[in-house]
2 protein chains.
Amino acid sequence: MEPISKPARGTAKAEETRSRILAAALNLFRERGFDQTTMRDIATAAGVAIGAAYYYFESKEALVMAFYQEANIAFHEGIEAALERKTDLRARLRAVIDVKFEYFGPNRKFLGALLRHAADPDHPLSPFSAETREIRELDMRHFSQALDSSNLRLPEDLRPYLPKLLWLYQMSLILFWIYDRSEGQARTERLLEKSLAIVVNLLKLSKSPFLRPVRRTAIELLQAVSEETPSLA
Amino acid sequence: MEPISKPARGTAKAEETRSRILAAALNLFRERGFDQTTMRDIATAAGVAIGAAYYYFESKEALVMAFYQEANIAFHEGIEAALERKTDLRARLRAVIDVKFEYFGPNRKFLGALLRHAADPDHPLSPFSAETREIRELDMRHFSQALDSSNLRLPEDLRPYLPKLLWLYQMSLILFWIYDRSEGQARTERLLEKSLAIVVNLLKLSKSPFLRPVRRTAIELLQAVSEETPSLA
DNA sequence: TTCTGTTCTTGAACACGTTCAAAAACAGGA
DNA sequence: TCCTGTTTTTGAACGTGTTCAAGAACAGAA
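Predicted, not measured: the structure shown is a model, and the values here were computed from it.

Cut-offs applied
Residues numbered from 1 in each chain as written. Chains lettered and ligands numbered in written order. Predicted model: local features only at pLDDT ≥ 70, side-chain atom pairs only at ≥ 80, totals over all residues. Heavy atoms only, no water. Near = heavy atom within 4 Å. Polar contact = N/O pair within 3.5 Å; in protein donor to acceptor, adjacent residues only side chain to side chain. Helix = DSSP H or I, 4+ residues; strand = E, 2+ residues; numbered from the N terminus. Nonpolar A, V, L, I, M, F, W, Y, C, P; charged D, E, K, R; others polar. Contact = heavy atoms within 4.5 Å. Buried area = accessible area lost by both parts, 1.4 Å probe. Salt bridge = Lys/Arg side-chain N within 4 Å of Asp/Glu carboxyl O. Expected span 1.5 Å × (residues − 1). Bend = angle between axes of the 7 residues up to and from the residue.

Draft legend 1. The arrangement of the protein's contact with DNA strand C in detail. As a structural note, the neighbourhood of DNA strand C is formed by 20 residues, with Ala49(A), Tyr56(A), Arg40(B), Tyr54(B) and Lys60(B) the closest of them. Sugar plus phosphate, as a fraction of atoms of DNA strand C within 4 Å of the protein: 59%. Between a phosphate oxygen of DNA strand C and a side-chain N or O atom of Lys60(B), the distance comes to 2.7 Å. Mapped by element, the contributors of at least two residues to the surface near DNA strand C are α1 (12-32) and α3 (50-56) of chain A together with α2 (39-46) and α3 (50-56) of chain B. Among the elements that take part in the surface near DNA strand C, α3(A) stands out by supplying four residues, more than any other. Counted by class, the surface near DNA strand C contains nine nonpolar, seven polar and four charged residues.

Laid out in structure tokens, this is it:
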């Protein structure tokens, strides 16, 4: 199953056309926003007919997904590099998230288009869909790495679920950030700071017998929910 | 600001037309789903011209919101009644949520249309928008009631934030439920069961000195996020 | 070079949500 | 009853995302 963008099978020239369309689209999205840009605008800016845009991209929103996909690949190295320099779990998690926000920064506004169908796992562009699995898994792996070889010993039974949980946590942060209209998205920064403290703190405390019953229930919950959830499996 | 549905200012006949349109729409939504139903279908089924539908409702999705709004008012009594019979906090929270799910039941599939713009607080149909404030506040009040006069003593400093938090928790449950394709939404049931246990457990434990630092940070977080958030204020 | 199948490109046409100017229906005062 | 302003209803027209049949460009075999 080819993910999102239709034919990678390009000759050099086709590949050139494809990226010209994508570039034109992203420029227009950044300038005027997603809704204010029409497919006709994009085609004109790229110097092709409307049909060409649909030959390379399933839909208007698929253009945004193509950006997201390429971004995720571009992240990869930056994240690996950032992780090498840190041992503290909190710092490691923060590093993963920071790299992304930095990269997403200038495209914040039109990324909202991606979240339109976010909730529907049947929609090809949902972050939970089968079509976006590769992206999602790459993304989770970053958290997995952040967890490994950190200074914090984690409870064994919780460990397998943590990458998914942290990924989910990250998605909510991104969601909040996209619609954060405060100056420089200051509120997201505060949310990140405090919530990360809580996450790490709970992870630390979760080993204690005091929180044992909560941890138990949490694991039961995770089992119950993730079984038969192909997208999160 | 009139919320959602345009003119309630109706003569009896106008009101009749409005409800005929809404009824036709909801029937079609239930039968074929939201996307498969066109505004033309709705108008035809209601025996009016397309324009009439737009005279009474801002948009296609506003029809779903009108259902949601009416549902919320209809809940009210049922919830009050259910709360009178229970003292255990867990049972009380459960009661509030159960009443809603029962009422939403047959309309589960098309309710997804409401969540399309859920993330964008600027969109009039977002559950976070100014336009939906009344509905949201009514909804939060149910949780407030469930908290009051329950058998569990809650930490004072956390109390003001709890209705919002529980409302948010409920929204995620509804989101999960809408897209839960398991038989009879069994997975949502399990998620509800376990997560509610955790919620109540954490509330209980939150008073203990052991979780003091976490509670502190949590409150800081809530303050930081809710300031300047008109929709959640 | 010519032929043939594949890849790429085109733009008219379609579907559907939405708008709006015009008309019909109505209310109530003279 | 007639007149006047308001509410309600109409449906043609518009904008935009998307489809698709037809053709152009191209690659490689003969």
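Draft legend 2. Just the side chain of Thr37(A), in detail. Residues and elements named next belong to chain A. Relative to the helices and strands, Thr 37 resides in the loop between α1 and α2 (39-46). Within the local environment of Thr 37, its side chain forms a polar contact with the backbone oxygen of Gly 33, the two atoms lying 2.8 Å apart. Each residue touching Thr 37, except ones within four places of it in the same chain, is listed here: Leu 28, Phe 29, Arg 32, Ile 42 and Lys 60.

Draft legend 3. How the structure looks around the interface of chain A and chain B. Taken together, the contact pairs 34 residues of chain A with 34 residues of chain B. With both chains or domains summed, chain A and chain B bury close to 3,100 Å², and 70% of this area falls on carbon and sulfur atoms. Three residues stand out in chain A for area buried against chain B, namely Arg187(A), Lys194(A) and Phe210(A), and they jointly supply 18% of the buried area on that side. Taken together, the links from chain A to chain B amount to four salt bridges. In this structure, Lys194(B) engages Glu220(A) in a salt bridge whose closest nitrogen and oxygen atoms are separated by 2.6 Å. In this assembly, chain A and chain B are joined by four residue pairs in polar contact (both at pLDDT 80 or more). The set of elements that each furnish at least two residues to the side of chain A that touches chain B consists of α8 (162-178), α9 (186-205) and α10 (212-226) of chain A. By residue class, the composition of the side of chain A that touches chain B is 17 nonpolar, seven polar and 10 charged.

Draft legend 4. Region of the structure containing the protein's contact with DNA strand D. Near DNA strand D, the surroundings consist of 19 residues, among which Arg40(A), Tyr54(A), Lys60(A), Ala49(B) and Tyr56(B) are the closest. When the atoms of DNA strand D within 4 Å of the protein are grouped by moiety, sugar and phosphate amount to 54% of the total. The separation between a phosphate oxygen of DNA strand D and a polar side-chain atom of Lys60(A) is 2.8 Å. In the environment of DNA strand D, a base oxygen lies 3.5 Å from a nitrogen or oxygen atom belonging to the backbone of Gly51(B). Looking at the surface near DNA strand D, the elements with two or more residues in it are α2 and α3 of chain A together with α1 (12-32) and α3 of chain B. Of the residues contributing to the surface near DNA strand D, the split by class is nine nonpolar, seven polar and three charged.

Draft legend 5. Representation of helix α4 (residues 60-84) of chain B. Here α4(B) is 25 residues long and its end C-alpha atoms lie 38 Å apart, about the 36 Å a rise of 1.5 Å per residue gives. The sharpest bend along α4(B) reaches about 30° and sits at His76(B).

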